[in-house]
Amino acid sequence: MKLELISFKLCPFVQRAIIILKKQNIDYDITFINPMDPPDWFKEISPTGQVPLLKADDEVIFESSVISEFANDISKNDLHPNDPIQKAKNRAWIQFSSSLFDELFNLVTGDKDTYTKAKKSLFEKLAKVESVKDKGVFFNGADFAMIDAAFAPIFMRLSWINEFTDNALSLSEFSNLSAWSEAILAIDAVKDSVSEGIDDVYYSNIEAREGYLSTLLVDE
Ligand SMILES: N[C@@H](CCC(=O)N[C@@H](CS)C(=O)NCC(=O)O)C(=O)O
């Protein structure tokens with residue numbers, strides 16, 4: 001099967017799909033577009049107008065979680081836990097994790113009031129994750145799973161923001177999440193899921209948005 005992932009370099013949802021494709025050693029081509037100004041061929045095949053979109057031969061698969069599940073389904077090694085309850089709980093927390101991108105967006109773009117509310121909401125959600133996280137290295141313990149890939153783009157962006165500021169969004173109050181974030185960000189498939197220099201692009205994006213977060217940037 002020929003796979004082509006339609007992508008946008010800064011997109012955290014694309015990143016999730018790439019991590020699973022890489023972790024499962026699946027061959028795929030990648031095509032970058034700007035979803036804010038998409039080419040006509042993309043508009044014709046995309047039901048939502050959003051990336052990621054996976055072309056599998058002549059079929060179109062959309063939604064990052066579905067693309068990730070598909071990549072897992074066509075692989076020998078299942079990256080979900082075997083136990084149905086555990087798997088269902090993982091899927092529920094994956095869905096929960098997607099809502100964190102709303103707070104991240106508001107943190108990067110909002111004025112001081114929006115930033116403050118988004119930070120409070122983000123940390124309330126993170127506290128819930130902290131309370132259910134296994135004490136092992138990854139979410140379920142020793143093995144990297146689908147859920148770890150789902151959280152990776154969040155932890156990567158939080159670590160960039162902490163590096164660019166005086167730890168404005170430090171995870172230090174969450175000991176489980178701090179260790180989990182470190183373990184996830186050390187995985188090759190995670191490190192290789194973004195283009196070289198994308199952290200600089202993220203920094204410039206924060207500056208360009210001129211939100212409250214841009215006032216917290218310390219010069220690199
Ligand atoms: N629920 C979608 C969200 C994807 C998404 O928001 N992609 C953004 C880029 S990061 C996009 O394509 N935005 C263009 C638009 O919404 O028109 C998924 O998980 O795949």
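Below is a summary of the structure that appears in this document. (Residues numbered from 1 in each chain as written. Predicted model: local features only at pLDDT ≥ 70, side-chain atom pairs only at ≥ 80, totals over all residues. Heavy atoms only, no water.)

**A word on unusual backbone geometry**
Defined as follows: Think of it this way: any DSSP run of H or I at least four residues long counts as a helix, any run of E at least two long counts as a strand, and we number them from the N terminus. Per-residue accessibility, obtained with a 1.4 Å probe over protein chains only, is compared with the maximum for each type, and a residue is labelled buried under 20%, exposed over 50%, and partly exposed between these values.
Going from Val51 to Pro52, the amide bond is cis rather than trans, its omega being 5°. Following the sequence through the fold, Pro52 ends up in the loop between helix 2 (40-45) and strand 3 (53-56). Its identity as a non-glycine residue notwithstanding, Glu63 has a phi of 80°, on the positive side. Topologically, Glu63 is positioned in the loop between strand 4 (59-62) and helix 3 (64-73). What makes Glu63 partly exposed here is its relative accessible area of 38%. Phi is positive for Asn167, close to 55°, though the residue is something other than glycine. Mapped onto the secondary structure, Asn167 falls in the loop between helix 7 (146-164) and helix 8 (175-185).

**Let's talk about helix 3**
Burial analysis of helix 3 places seven of its 10 residues in the buried class, the great majority of the element. Taken together, the buried positions of helix 3 are Ser64, Ile67, Ser68, Glu69, Phe70, Ala71 and Asn72.

**So, the environment of Val190**
Condition: The contact criterion used throughout is that any non-hydrogen atoms of two residues lie within 4.5 Å.
Inspection of the secondary structure assignment puts Val190 in helix 9 (residues 188-191). Val190 sits 174 residues away from Arg16 along the chain, and the two C-alpha atoms are 8.7 Å apart. Once you skip the residues sitting within four places of it in the chain, Val190 turns out to touch Gln15, Ile19, Phe144, Ala152, Met156, Ile184 and Leu185.

**Quick notes on the site of the ligand**
Just so we agree on the cut-off: Any residue with a heavy atom lying within 4 Å of a molecule or strand is counted as near it. Polar contact is the term for a pair of N or O atoms within 3.5 Å; when the atoms are in protein, one must be able to donate a hydrogen and the other to accept it, and sequence-neighboring residues count only if both atoms are side-chain atoms. Here the accessible surface of atoms and residues is derived via Shrake-Rupley with a 1.4 Å probe, and residues count as covered only by protein chains that are part of the display. Throughout this entry, Asp, Glu, Lys and Arg are counted as charged residues, while Ala, Val, Leu, Ile, Met, Phe, Trp, Tyr, Cys and Pro are counted as nonpolar. The remaining residues, Gly among them, count as polar.
Around the ligand, a shell composed of Cys11, Phe13, Pro35, Gly49, Gln50, Val51, Pro52, Glu63 and Ser64 is seen. Contact distances for the ligand include 3.1 Å between an oxygen atom and a side-chain N or O atom of Gln50. For the ligand, the accessible surface in isolation is 510 Å², of which the surrounding protein chains cover 72%. Residues that form the shell around the ligand fall into these classes: five nonpolar, three polar and one charged.

**What to know about the pairing of strand 2 (residues 29-32)**
For clarity, the cut-off: Only when DSSP finds a minimum of two bridges between them are two strands counted as paired. Here is how to tell: hold the view so the strands point away, follow the path from the first strand over the helix to the second, and if it runs clockwise the crossover is right-handed.
Judged from the four bridges that link them, strand 1 (residues 3-7) and strand 2 form a sheet pairing that is parallel. Note on strand 2: the bridge partner recorded for Ile6 is Thr31. Crossover handedness for the path strand 1 to helix 1 (residues 12-23) to strand 2: right-handed.

**What about the environment of Phe151?**
Take Phe151: it is sitting in helix 7. For the pair Phe151 and Trp180, spaced 29 residues apart in the sequence, the C-alpha separation amounts to 9.7 Å. Apart from residues lying up to four places away in sequence, Phe151 is in contact with Trp93, Ser97, Leu100, Val129, Trp180 and Ile184.

**A word on the nonpolar core**
The following threshold applies: Grouping buried Ala, Val, Leu, Ile, Met, Phe, Trp, Tyr and Cys residues that are joined through side-chain atoms within 4.5 Å yields what is termed a nonpolar core. An automatic or database domain assignment is the source of the domain bounds shown.
Membership of the largest hydrophobic core comes to 72 residues, with the highest contact counts inside it found for Leu5, Leu126, Phe151, Trp180 and Tyr202. Two domains each put at least three residues into this core: domain 1 (3-73) and domain 2 (84-215). Beyond its immediate chain neighbours, meaning those up to four positions away, Trp180 contacts Val129, Lys133, Val137, Phe138, Phe139, Ile147, Asp148, Phe151 and Phe155.

**With respect to the sheet that holds strand 2**
We apply this condition: Geometry is summarised by axes, namely lines fitted to C-alpha atoms with helices restricted to the contacting stretch, and by angles between N-to-C directions that run from 0 to 180 degrees.
Across the sheet, four strands lie side by side as 2-1-3-4; this open sheet has mixed pairing. Because the sheet does not close on itself, it has two edges, and the strands there are strand 2 and strand 4. Strand-to-strand, the axes of this sheet are offset by a mean angle of 25°, without reference to chain direction. Set on the sheet, helix 1 makes contact with strand 1 and strand 2; between it and strand 1 the angle comes to about 155°. Against the sheet, helix 3 contacts strand 1, strand 3 and strand 4, and its axis sits at roughly 120° relative to strand 4.

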